[in-house]
Amino acid sequence: MEKEDLKVLNKGEEEEMELQGYRLCRWRLALVGVGVLCTGGFLLLLLYWMPEWCVKSTCTRTTARDADVVLMRSTLTISVNISSSFCQIRYFTFHSTKYYWNDEVQNFEVLKKLFFGVNEIAVKVPSVFKLLIKEVLNPFYIFQLFSVILWSADEYYYYAAAIVIMSVISIATSLYTIKKQYIMLHDMVAAHSIVRVSVCRASNEIEEILSTDLVPGDVMVIPSNGTIMPCDAVLVSGTCIVNESMLTGESVPVTKTNLPNPLPGERDEDNDSAYNTEEHKRHTLFCGTHVIQTRFYTGELVKAVVVRTGFSTAKGQLVRSILYPKPTDFKLYRDAYLFLLCLVAVAGIGFVYSIVLSIMNKVPAKTIIIESLDIITITVPPALPAAMTAGIVYAQRRLKRIGIFCISPQRINICGQINLVCFDKTGTLTEDGLDLWGVQRVENGSFHLSEENAYKENLVKSQFVACMATCHSLTKIEGQLSGDPLDLKMFEATGWILEEATEEETSLHNRIMPTVVRPPKQLLPPEPVASPEQDMSAYEIGIVRQFPFSSALQRMSVVARRLGEKRMDAYTKGAPEVVASLCKKETVPENFAEVLEGYTKQGFRVIALGHRRLESKLTWHKVQNINRDHIEANMEFLGLIIMQNKLKAETPGVLQDLHRAHIRTVMVTGDNMLTAISVARDCGMIPPQDTVIIADALPPHNGQAAKITWRYADKPSKTPLNISLEDVCPIDEHKTQEMYHFAMNGKSFAVIEEHFPDMLQKLVLHGTVFARMAPDQKTQLIEALQGVDYFVGMCGDGANDCGALKRAHGGISLSELEASVASPFTSRTPNISCVPSLIREGRAALITSFCVFKFMALYSIIQYISVTLLYSILSNLGDFQFLFIDIAIILLIVFTMSLNPAWKELVSRRPPSGLISGPLLFSVLTQILICLGFQTITFLWVRQQSWYTVWKPFTDVCNRSSHINMSDLNDTEVDDHNIQNFENTSLFYVSCFQYLIVAIVFSKGKPFRQPSYKNWPFVVSALILYFFLLFIMFHPVEDIDEFLEIVCVPYEWRIKLFIIILVNAAVSVVVETTSTATTNRPQLN
C-alpha cells in the first residue's frame, strides 16, 4: 500500500514532489489532545515544528483520492496541505497553485482548464499579529522564554530583563524587515495588476472590464498607446513593440508579431503544431511587460488571446519563485545544528551531574530543579543566532558600498566557497556593442575581397545592401531608432533612412502599413528623370513581413518589396552555418568553411546574409499567413558581415586573479563556437600553450546510435580525432586541466546529456567553452557542474541568463534593471570586476561565521565549566556577574569581531565549508581543554592558599578591618545562593580573561580577512575590557565589588591569578597558531 498510494506531482519538473494521502483519525486526535494537556502545550509546539510528525500522529494513511490531508515531500522540504472539495471537485492549494484531482490519471494535477479564478497575482501582506505569532513560535524564542521564566524563578531578574529586551528588539527588527519585504513585493506586483481592458465579445462588440475578470480564451484589444500587460496573451492580429526588461533584464525593445494563420487550403500538416509558450515566444505578450506601441490593420484592432492568468503567467512564476524560494542547503548551517546538539549533550551531562550533586548535599527540590535546568540555558547561548547574522549583515553593507546589491543575504556565505565561475560572453566579458569591421560579398559562388563598409554608390542597389537595410527588427520610438545593438550597427553602416507609417497613413492600406527604408539621395547614381513621378527618391523598399530572430533557429528573416516591383524578396540573416544550409549549394563558395574559420579564430562575430526572389503568386495577404519554412529555403548566399566584439578592459586582469586563486572559469555563450574559443584565448581563459578539443555529438540517425567525434580547434575540421575520453581524461586531473580544454555547442550538449549522461560529468570537469547554448541549457550546465561538487558562480548581463543566475550558488547580474530580482546579486559596475569582490566578501563572511561560532561555543563552555565547578561547593555566578559577562564582554566582542573587512586579494586556498572538520574541531577542543585546565587549577589552588577559609561577611583576608564598620556587617543581606566566596571571585577573574583570550585567538585575519589590529572597534573594545578587568583586580573599588558580588583577595593571590592568565594566554596562542600552521596547506580546487 505504501508504494501504491505514493503519487508524484509535477513529474520531471523543477517542483517535483511525492504526495501521500491521509485521513483524520478521531482517537489519535484525542490522544494528541491529552498529550498536549499533560506536557503543558509543549507537544503542540513540537508538532508545529515537525509537520510530518503532526500528520502521522493525528491521521491514518488512505488513498490520495480520499485524502483529507496531503503530505508532500520534495528533496529539500516537507509540506502539509488540507484538501478541499467544491462542487464534487477535490483540490488543494500549494505555493499559490491549485492542484485538482484528475480521475483519468488518478493523481492531482494543475488543471488550468477547470477553474481560473481571479486574474490577480495576490501577494497578501500578513498582519503584524500573524507575523508575530510565527516569529515567536520559533524554537529559539521558545527556548529564550523558557530561560527567562527559569531565571526569574531563580531571582536573576536583571539578566532575564536584558534577554527580554534583546529578544524584543530582535523580534521587532525581524518583523519590520519581513513586513517591509512583503510590502515592497506587493507594491511591485500591484502597481499594474488591476487595469481596465477592452475585450472582444460575440458580434465583435467591445466590452470594457477589469483585468481581474480576464480568463484564458478572452480576446483582448491592445491599445495603440501601449499598456502594461495584465496577463500572458498571444497576438492573433497586428504587431507590438514590447519592453521585456521586467522578465529578461534586456531593455532593448522586442517586436512581437501575430501567430501565423494560414488559410484552410494552405495549411501544412507537418509544421502545424499546437501553441506552445516557449516555441511561440515571439508571438506572446508576457504579463508585466510594457507594450510601448502597436502597429495595426485598417479596420482591425491589435488583438491577443489570453492564454495564462494569475500565478500561471510568466510574472506570476517569477513572483512565486521570490515568495517561495528554494531552501539554501549549505554544510555550514547543517553543521551548526549538529554542533548545537553536541552542546545540548554536554548540557545533559551537566544536568545529571548537578542533580546527583544536589541530592547528595540534600538541597531543596525547588533549588535542584532550577539549578539543573539553568545548566542547559548556560550551555546553549541565547545570543547565538544574532551573533551569526552579524558577519553577513556587515558583509552586505560592504558589498553595497562597492555597488553590489544582495536580495538573498544567506548566499554571501555560500559565495565564499565558489571554485568555478561561468561567464556569459557578450556584454559580460566583451563590450555590449559590436562594431562593423567589414563585409565580404559573394557573387557567382565565390567571395570578393573583404571591404571596410557597404556605404558605396555602386552597392546601393545590390541585394547585399538591401538585406542589410531590411533584415532587422528596428523601430522608431519618439523619433529615435531603437532595437538590437547588432541590428543598429548593421543598419547605420548602410547609411539608409527608416520611416514608419503614421496612424493616418494606415487608413490608405487594407493591411498593416509597412516600414519603409530608402538610401540617402547622395548615394543614388544620377539617372535621367523620365517624368516628375520617377525621381531618385522613389527607390524605396517596404518591409512586408518580419520573422523575428529566434535563438532556437539562430536566424531572422523578412519579406520586402521594392516600390514599383510586383514580386517580393525574402532576406535572411543569421549564424553562417545555418544560413549556408538554407542556400542553394552552388551559391555557397567552396572555401566558405575556411573563410569563416579564419574570421572566427580571430574573434570576429560573423553574420551571413541570404536572399530569395519570391514567386509572383505570393500576394500580400498570403505572405502575412505563410509559414517561415516556406520562405527560408532555396536562397542565394549573399556574403558575410564581420562584426568586432572588443574585450572589456577589466576582463583579462580579473580572469588572471581568478586563475591565481585556482578558481576555474568557464564561458557559456549563445555565440559561434570558434568566436567563443578565440575570445577565451584572448582574455586568458585558455592559456596559449593549451589545446582545445571540440566535442561534436550526433543524435541517432537512420538506425545508427548516437556518437561523439573529437577534433582539435586549431586544426582543419575535416580530420576528426580517433581518441577516447580516457585518453584526454587521465587520473592526474590537474595536469590534464593545464593541457586540454573541451569545447562543445548546444546541440552536442543536448545529445551528450540525453545519450551519454555519464560522459557529461567527465566532460564538464574539463569543459571551458560552451557555445550556441540556449537559456535552458545554461541552467542545465550549472546543474551538471553542481552535480560534480563544484560551488558555481554565474555572471551574466541578465538578458538570457535569468535561469542560470537563479540556479547558481552565487548568481551576479550586471544589469541594473529590476529584472535582476531573479539574481541573488546585482552589480552597478557593468564589468566582471565584481566577481572577485563578491568571492572575497563571501570568504570573509564565512570565516567570520566560523570565528563567531567557535567563540560562542567556547563562551558557553567556559561559563559551563565555571558554573559546574562552583556547583560542587553549592555556589554559582551572581546575577550581575552573568550580566557583565553576557552584555559587557560577549555581545560587545561578538559584534565588533565581525567587522574585519575582506582581505585585499584572492588566495589559492578556500575556507572550509563546514564546522565538522578536523582542523576546526581540533581548534575548539584544544581551547576547551586549556580553559578547563586553567579554571580547574585556579579552583583547586585557591583552596590550598594559607589564608584560605570559608568566606563569611566578616572574613577579612585583605586586612581592611580598620575600614569596616560592624554595623554595616549586621545590615548585610544573607547570601542564600552562596555567591560571594574566594572560588567564585577567582574563577570570575580567570574566566573573564579567558573570553577575551579566545576572542583574540579565534579572530583570524589573513588570508581571508584583514588583520584584527585593523578592526579598531574590536581592538578598542578588547583594550577597554582588559584595562577594566586589570583595574578592578589590582585596585578593588568597593562599589564595583559590591555590584559584581566579588570579594577582596590578598595581593599575592592577585599576582598569582595574573600569572595564570598570562600562561593561559600564551598556551592558547601557541596551540592555535601551531594548529593553524599545520592545517593551512595550499588547497587546489
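Our structure is the block above this text.
What you are looking at is a predicted structure, and each value in this text was computed from that prediction instead of being measured.

A. The overall build of the chain, seen in detail. Scanning the chain for helices and strands turns up 34 helices and 40 strands. Expressed as a percentage of its 1085 residues, the buried residues of the chain come to 51%. A separation of at least 24 residues holds for 73% of the contacts in the chain among residues at least 6 apart in sequence. Carbon and sulfur atoms make up 58% of the accessible area of the chain, which totals about 50500 Å².

B. Fine view of unusual backbone geometry. Its identity as a non-glycine residue notwithstanding, Arg772 has a phi of 50°, on the positive side. Its location among the elements puts Arg772 in the loop between strand E37 (767-771) and helix H25 (775-787). Non-glycine residue Asp789 carries a positive phi angle of around 65°. Of note, Asp789 is situated in the loop between H25 and strand E38 (792-796).

C. Fine view of helix H19 (residues 651-660). Residues of H19 that are buried include every one of Thr651, Val654, Leu655 and Leu658, and no others. Down the axis of H19, the buried side of the element spans an arc of 95°, and every buried residue falls inside it. The secondary structure elements touched by the buried residues of H19 are strand E21 (420-423), strand E33 (664-668) and helix H27 (834-871). Positive phi shows up at His662, right after H19, with a value of about 60°.

D. Structural view of the packing of aromatic side chains. Evaluated as defined, the whole model comprises 18 aromatic pairs. Here a set of aromatic residues connected by ring pairs shows up, and it is made of Trp941, Trp947, Tyr948, Phe982 and Trp1053. Positioned above the aromatic ring of Tyr22, the side-chain terminus of Arg61 is 5.6 Å from the ring centre. Over the face of the ring belonging to Trp903 we find Lys904, whose NZ or CZ atom lies 3.9 Å from the ring centre.

E. Summary view of the pairing of strand E10 (residues 196-200). With four of its five residues buried, E10 lies for the most part within the structure. The pairing of E10 with strand E11 (residues 206-210) spans five bridges and is classified as antiparallel. When the bridges of E11 are listed, Val199 appears paired with Glu207. What sits between the antiparallel neighbours E10 and E11 is a turn of five residues, in which Ser203 has the positive phi angle 60°.

F. The arrangement of a nonpolar patch on the surface in detail. A cluster of nonpolar side chains, contributed by Leu338, Leu341, Ile916, Leu921 and Leu925, occupies part of the molecular surface with about 430 Å² of accessible area. Of note, Leu341 is situated in helix H9 (residues 331-360). In this structure Leu341 comes out as exposed when scored by relative accessible area, which is 56%.

G. Seen up close, the nonpolar core. In this structure, Phe855, Met856, Ile889, Ile890 and Ile893 are the most contacted members of the largest nonpolar core, which totals 91 residues. For this core, the element with the highest residue contribution is H27, accounting for 19 residues. Counting residues in each nonpolar core, the second largest holds 43 residues, with Ile404, Cys406, Ile663 and Met685 among its members.

H. Quick peek at the environment of Lys476. Mapping Lys476 onto the fold places it in strand E24 (residues 475-477). Judged by its relative accessible area of 29%, Lys476 is partly exposed. Along the primary structure Lys476 and Thr515 are separated by 39 residues, whereas in three dimensions their C-alpha atoms are 10.0 Å apart. In this view, Lys476 contacts Gln293, Leu481, Leu498 and Glu500; residues no more than four positions away in its chain are not counted.

I. Broad picture of the sheet that holds strand E17 (residues 284-285). Strand order in the open sheet formed by six strands is E11-E10-E12-E19-E14-E17, with antiparallel pairing between adjacent strands. With one partner strand each, in any of the chains shown, E11 and E17 form the two edges of the open sheet. Summarising the sheet, E10 and strand E12 (residues 219-221) pair through three bridges and their orientation is antiparallel. Residue pairing for E12: Val199 is matched across the bridge by Met220.

J. Representation of the sheet that holds strand E23 (residues 446-447). Within the open sheet, the nine strands sit side by side as E23-E22-E32-E31-E30-E29-E28-E27-E26. Their pairing is antiparallel. The sheet terminates laterally at E23 and strand E26 (497-499), the two strands that pair on one side only. Two strands pair when backbone bridges link them, and E26 and strand E27 (residues 515-518) are joined in this way by three bridges, in the antiparallel orientation. In the sheet register, Ile497 faces E27, and the bridge partner there is Arg518. Helix H13 (residues 463-470) contacts strand E22 (435-443), E27, strand E28 (541-550), strand E29 (555-562), strand E30 (569-574), strand E31 (604-613) and strand E32 (636-644) of the sheet and is inclined by roughly 55° relative to E32.

K. Geometry of the packing of helix H1 (residues 26-38) against helix H3 (residues 51-58). Relative to each other, H1 and H3 sit at 120°, their axes nearing to 7 Å. On the basis of the axis angle, H1 is oblique to H3. In this structure, H1 uses Arg28, Leu29 and Val32 to contact H3, whose residues at the interface are Lys56, Ser57 and Thr58. Considered class by class, the residues forming the contact of H1 with H3 number two nonpolar, two polar and two charged.

L. Quick peek at the pattern of salt bridges. Following the criterion strictly, the structure yields 20 salt bridges and no others. Its salt-bridge partner being Arg196, residue Glu208 comes within 3.3 Å of it at the nearest N-O pair. Of the two residues, Glu208 sits in strand E11 while Arg196 sits in strand E10, which places them 12 residues apart along the sequence. Asp232 serves as the salt-bridge partner of Arg308, at 2.7 Å between the closest nitrogen and oxygen. Taken together, the residues span a long stretch of sequence, with Arg308 in strand E19 (residues 303-308) and Asp232 in strand E14 (residues 232-237) at a distance of 76 residues. Each member of the pair, Arg308 as well as Asp232, carries the same accessibility label: buried. Among the charged side chains, a salt-bridge network with shared partners connects Glu499, Arg518 and Glu540.

Cut-offs and rules
- Residues numbered from 1 in each chain as written.
- Predicted model: local features only at pLDDT ≥ 70, side-chain atom pairs only at ≥ 80, totals over all residues.
- Heavy atoms only, no water.
- Helix = DSSP H or I, 4+ residues; strand = E, 2+ residues; numbered from the N terminus.
- Buried < 20%, exposed > 50% of the residue type's maximum accessible area, 1.4 Å probe, protein only.
- Contact = heavy atoms within 4.5 Å.
- Areas by Shrake-Rupley, 256 points an atom, 1.4 Å probe, with all protein chains shown as cover.
- Arc of directions from axis to C-beta.
- Phe/Tyr/Trp six-rings, centres within 6.5 Å; stacked < 30°, edge-to-face > 60°.
- Lys NZ or Arg CZ within 6 Å of the ring centre and 35° of its normal.
- Pairing = 2+ DSSP bridges.
- Patch = residues over 30% accessible without salt bridge, like charges linked within 9 Å, V, L, I, M, F, W, Y side chains within 5 Å.
- Salt bridge = Lys/Arg side-chain N within 4 Å of Asp/Glu carboxyl O.
- Core = buried A, V, L, I, M, F, W, Y, C linked by side-chain atoms within 4.5 Å.
- Axes fitted to C-alpha atoms, helices over the stretch in contact; angles between N-to-C directions.
- Parallel < 35°, antiparallel > 145°, perpendicular 65-115°, else oblique.
- Nonpolar A, V, L, I, M, F, W, Y, C, P; charged D, E, K, R; others polar.

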